[in-house]
Amino acid sequence: MDFEGQKLAEYIYQYTIIIFGVIGWIIGFIKQDFSITFYSVALGTFLSLILCLPNWKIYCQHPLSWQKPIVQSTPTDKSK
Amino acid sequence: MHSLSQRANTIVCFGGIVLVGVLLLNVLSRAFFSDHVDVDIKLNEIHRFNTQRNFEYSFISIDLDANLEPLFNWNTKMLFLYVTAEYRTKQNVLSQVVVWDHILTEKSKANIHEKRLSKYPIINQGLGLKNNTIKLTFNYNVVPISGILTRHQVGTSEFKFPTTYMKEAY
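What you see is a predicted model, and the numbers here were worked out from it, not measured in a lab. (Residues numbered from 1 in each chain as written. Chains lettered and ligands numbered in written order. Predicted model: local features only at pLDDT ≥ 70, side-chain atom pairs only at ≥ 80, totals over all residues. Heavy atoms only, no water.)

### Considering the overall build of chain A
Logical step 1: Counting secondary structure elements, chain A contains three helices and zero strands.
Logical step 2: Written out in order from the N terminus, the α and β elements of chain A read α-α-α.
Logical step 3: What you see for chain A is a C-alpha radius of gyration of 24 Å, clearly larger than the 12 Å of a compact globule of 80 residues, by over 25%.
Logical step 4: Over its C-alpha atoms, taken along the principal directions, chain A stretches across nearly 85 × 15 × 15 Å.
Logical step 5: By residue count, 28% of the 80 residues in chain A fall in the buried class.
Logical step 6: Contacts in chain A between residues at least 24 apart in sequence constitute 67% of all its contacts with a sequence separation of at least 6.
Logical step 7: On chain A, roughly 6100 Å² of surface is accessible, and the fraction owed to carbon and sulfur atoms is 68%. (Helix = DSSP H or I, 4+ residues; strand = E, 2+ residues; numbered from the N terminus. Rg over C-alpha atoms; globule rule 2.2 N^0.38 Å. Buried < 20%, exposed > 50% of the residue type's maximum accessible area, 1.4 Å probe, protein only. Contact = heavy atoms within 4.5 Å. Areas by Shrake-Rupley, 256 points an atom, 1.4 Å probe, with all protein chains shown as cover.)

Shown next, in the form of structure tokens:
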């Protein structure tokens, strides 16, 4: 997971859990049953674990371009 | 977010935070539910009323009409119901005795129309129940899923004990 991927994963899990929480709260309020709200938040957490835990391909689209390793010439090489 | 275990930690932790937020909103929503109930309580019969050396005991049964369905909202775990008998004697300023109690967990059973309820006897420390006025009070505690437990008192009725002790039937 690169830096851009980490940012994206953070957005995804936060929005998923919050949206599930809000929807669960509304349905729980209408049905007057808090267990619906609880299971909704739990489901949102579980889903975002699936979405963000493994190193999926979309999180690896901005790989860092590292500098090429400098080949140091040692004095012993010069003498040869 | 750079490693697997760190991501797992962050996500589960955030799930917990959202759960606490939802729970907090749930507690706040309690203010919008009415907690008004009509309760009718009265004495059915005094079954026993007698004395032994230095104390008095009595066994009474009560009639209860209570519709507690409005108390069941999404933040109600259960209701604890109890009926107290309150009286004053020369010996003690105020005595309160629980004569009946019940734990209610289901809304479908919250409409109570019961006759001749009795559970615990009234045992008075000392003498002085004869011709004394007893106040019956219906109490209920709302045990919530989250938030504070609230105590309420509704429906009272009064009755008087007879001026003489009752003969035991057995």
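### Focus: the nonpolar core
Logical step 1: By size, the foremost hydrophobic cluster in this structure holds 33 residues, and its most contacted members are B:Leu68 and B:Phe138.
Logical step 2: If you list the elements that add at least two residues to this core, you get strand S1 (39–52), strand S2 (55–67), strand S3 (76–87), strand S4 (95–104), strand S5 (111–117) and strand S7 (133–144) of chain B.
Logical step 3: Ignoring any residue separated from it by four or fewer positions in sequence, one finds B:Phe138 in contact with B:Val39, B:Ile41, B:Leu64, B:Leu68, B:Leu81, B:Tyr82, B:Val83, B:Trp100, B:His152, B:Gln153, B:Val154 and B:Gly155.
Logical step 4: Of all hydrophobic cores here, the second largest spans 15 residues; its members include A:Met1, A:Phe34, B:Ile11 and B:Val22. (Core = buried A, V, L, I, M, F, W, Y, C linked by side-chain atoms within 4.5 Å.)

### What about the domain arrangement of chain B?
Residues and elements named next belong to chain B.
Logical step 1: We note that the domain assignment places domain 1 (1–32) and domain 2 (34–161) within chain B.
Logical step 2: Averaged C-alpha coordinates put domain 1 and domain 2 at centres separated by 41 Å.
Logical step 3: In this complex, domain 1 contributes six residues to the contact, which on the side of domain 2 involves nine residues.
Logical step 4: With both sides pooled, the region where domain 1 packs onto domain 2 buries about 610 Å², and carbon together with sulfur makes up 46% of that total.
Logical step 5: The largest contributions to the domain 1 side of the interface with domain 2 come from Asn-26, Val-27 and Arg-30, which together make up 76% of the buried area. (Domains from an automatic or database assignment. Buried area = accessible area lost by both parts, 1.4 Å probe.)

### A look at the layout of surface pockets
All names here are of chain B.
Logical step 1: The computed volume of the largest pocket comes to approximately 160 Å³.
Logical step 2: The wall of the largest pocket is formed by Arg-30, Phe-33, Ser-34, Asp-35, Leu-71, Asn-73, Asn-75, Thr-76, Tyr-140, Val-142, Thr-150 and His-152.
Logical step 3: Every element with two or more residues in the lining of the largest pocket is listed here: S7 and strand S8 (150–160).
Logical step 4: In terms of residue class, the lining of the largest pocket is built from four nonpolar, six polar and two charged. (1 Å grid on protein atoms, 1.4 Å probe; cavity = no way out; pocket = protein on both sides within 12 Å on 5 of 7 lines; lining within 4 Å. Points joined across faces, edges and corners; volume = space filled by probe spheres on them. Nonpolar A, V, L, I, M, F, W, Y, C, P; charged D, E, K, R; others polar.)

### Description of the side chain of B:Ser29
Logical step 1: You can see B:Ser29 is positioned in helix H1 (residues 4–29).
Logical step 2: Polar contacts involving the side chain of B:Ser29 include one to the main-chain carbonyl oxygen of B:Asn26, which spans 2.7 Å.
Logical step 3: If we skip the residues at most four places from it in the chain, B:Ser29 touches A:Trp25, A:Phe29 and B:Trp74. (Polar contact = N/O pair within 3.5 Å; in protein donor to acceptor, adjacent residues only side chain to side chain.)

### A few points about the environment of A:Phe29
Logical step 1: Mapped onto the elements, A:Phe29 comes out in helix H1 (residues 3–31).
Logical step 2: Residues A:Phe29 and A:Glu10, spaced 19 residues apart in sequence, show a C-alpha to C-alpha distance of 29 Å.
Logical step 3: Once residues within four sequence positions are removed from consideration, A:Phe29 is found in contact with B:Ser29, B:Phe33 and B:Trp74.

### Considering the UniProt feature "glycosylation site" in chain B
Residues and elements named next belong to chain B.
Logical step 1: Look at the UniProt record and you will see "glycosylation site" annotated at Asn-131.
Logical step 2: Mapped onto the elements, Asn-131 comes out in the loop between strand S6 (122–125) and S7.
Logical step 3: If near-sequence neighbours (up to four positions away) are discounted, Asn-131 is found in contact with Lys-160, Phe-161, Pro-162 and Thr-163. (UniProt positions renumbered as here; feature names shortened; annotations may be inferred.)

### Quick look at the interface of chain A and chain B
Logical step 1: Every contact between the two is made by 25 residues of chain A and, on the other side, 21 residues of chain B.
Logical step 2: Together chain A and chain B conceal approximately 2000 Å² of surface at their shared face, both sides included; 81% is due to carbon and sulfur atoms.
Logical step 3: Its largest share of buried area at the contact with chain B, chain A owes to A:Trp25, A:Phe34 and A:Leu53, together 31% of the area lost on that side.
Logical step 4: Put simply, chain A and chain B have zero salt bridges between them.
Logical step 5: Taken together, the connections running from chain A to chain B amount to four residue pairs in polar contact (both at pLDDT 80 or more).
Logical step 6: Class assignment for the residues of the side of chain A that touches chain B results in 14 nonpolar, nine polar and two charged. (Salt bridge = Lys/Arg side-chain N within 4 Å of Asp/Glu carboxyl O.)

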